[in-house]
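# Structural features, examined
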Amino acid sequence: MRAIQCLAYGDPEALKLAELPDPVAGPGEVVIRVEATGLGFVDGLQVRGAYQVKTPLPFVPGNEVAGTVVALGAGAPAALLGKRVLAMAGKGGLAEKAAIPAAACAVLPDNVESAAAASALINYCTALYGFEDCGRLRAGESVLVLGASGGVGMAAIDVAKSLGAFVVAAASSAERRAACLARGADVAVDYTAPDWRRALEAALAGRPLDVVYDPVGGAWSETAFRCLAPGGRHLVVGFASGEIAKLPLNLALLKRASLVGVDWGGHVRADAAAGAELTQRLIDRMAKGRIAPRPDSTYPLAAAPDVMAALLTRGNIGKPVILPQN
């Protein structure tokens, strides 16, 4: 089979398209014919060896996979054979076939396309966990999404709107802000402008800012936190800017505001059952049309290294998906 292989930690451009033996399902595993693999910032960090959990070399990258089960290992449920599934593979997704634990698989309904499902797994589950479980977002509240034009931000816009929120998207260019508005944001602001706090206040038009969804970090975090209304929640999702923000804690005191960590990966590692429940929550909402994930761009397998490199430099708009059979 064709696969993208990481032989040494480093920049994604060093990844190789290789011919590897087809995987064999071990006990409790299934082999899937991979139809779509979502790529995100985490994949690039794993390739660089910079993620919090290092993947042993050599390995095939790719976490978010959707495809059809074509083989079963001992103990894997027979009912999965021939089913289309969505799974957090951990690795192996950038290949024509992948062996993954059967317990990680969630069956996809017929009306949910594989590419849409693969585009959604990490970003949408993070947003659902962040807004519902951590931020307790309520209909009618206002949300500011930082870095809104990336895959993480686009998912946050869609999920927040599905929960009845008023959404302000913060993005750095007119093209990116237009993409956020097309995804459903109510208004968009340029958070790279020196006076972006005033632009945010104008966009809110008198509404309180109840929740900040922050996958960016850096200097933007403090400004966003200062804009929170009393009782607001600042959801810390990541640090795509490369800088971990340092906030004066007196702000939390004076605003009676909360700083809440949103680590869906840590949540799943601590409670596998909760991870399965959240994935099923995602699939159910997709099937009912309450949220509408989609890949913002699709690429053949050979293009994966370049796509991953663009993700690390924040060169993408939205969520890219690799189609390994192409």
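Attention here is on the structure that accompanies the text.

### Looking at unusual backbone geometry
Residue P58 follows L57 across a cis peptide bond; omega there is -20°. In this structure, R136 is a non-glycine residue whose phi angle is positive, near 50°. For R256, which is not glycine, the phi torsion reads 55° and is therefore positive. Topologically, R256 is positioned in the loop between α7 (249-255) and β13 (258-261). According to the relative accessible area criterion, R256 is exposed, its value standing at 58%.

### Considering empty space enclosed by the protein
Inspection of every chain in the model, using the stated rule, returns one cavity of 30 Å³ or more. Approximately 40 Å³ is the volume found for the largest cavity. Considering the residues around the largest cavity, the lining is formed by S119, N123, Y124, G151, M154, A155, R183, R294, D296 and K319. Elements that contribute at least two residues to the lining of the largest cavity include exactly α2 (114-134) and α3 (151-162). Here the residues of the lining of the largest cavity sort into three nonpolar, three polar and four charged.

### Here we look at the sheet that holds strand β11 (residues 211-214)
The strand order across the open sheet formed by six strands is β10-β9-β8-β11-β12-β13, and the pairing between neighbours is parallel. Each having just a single partner strand, β10 (187-189) and β13 make up the two edges of the open sheet. Each strand axis lies, on average, 20° off the axis of its neighbour in the sheet, ignoring direction. Bridge count between strand β9 (residues 166-170) and β10: three bridges; the pairing is parallel. Residue A170 lies in a different strand from β10, and its bridge partner there is V189.

### A word on the packing of α2 against α3
For the pair α2 and α3, interaxial distance at closest approach is 8 Å and the crossing angle is 50°. In terms of their interaxial angle, α2 and α3 are classed as oblique. Every pair of crossing elements has a handedness; the one defined by α2 and α3 is right-handed. Touching N123, Y124, A127, L128 and F131 of α2 are G151, V152, M154, A155, A156, D158, V159 and A160, all from α3. A class-by-class count of the residues in the contact of α2 with α3 yields ten nonpolar, two polar and one charged.

What counts and how
Residues numbered from 1 in each chain as written. Predicted model: local features only at pLDDT ≥ 70, side-chain atom pairs only at ≥ 80, totals over all residues. Heavy atoms only, no water. Helix = DSSP H or I, 4+ residues; strand = E, 2+ residues; numbered from the N terminus. Buried < 20%, exposed > 50% of the residue type's maximum accessible area, 1.4 Å probe, protein only. 1 Å grid on protein atoms, 1.4 Å probe; cavity = no way out; pocket = protein on both sides within 12 Å on 5 of 7 lines; lining within 4 Å. Points joined across faces, edges and corners; volume = space filled by probe spheres on them. Nonpolar A, V, L, I, M, F, W, Y, C, P; charged D, E, K, R; others polar. Pairing = 2+ DSSP bridges. Axes fitted to C-alpha atoms, helices over the stretch in contact; angles between N-to-C directions. Parallel < 35°, antiparallel > 145°, perpendicular 65-115°, else oblique. Left-handed = near helix turned anticlockwise from the far one by under 90°. Contact = heavy atoms within 4.5 Å.

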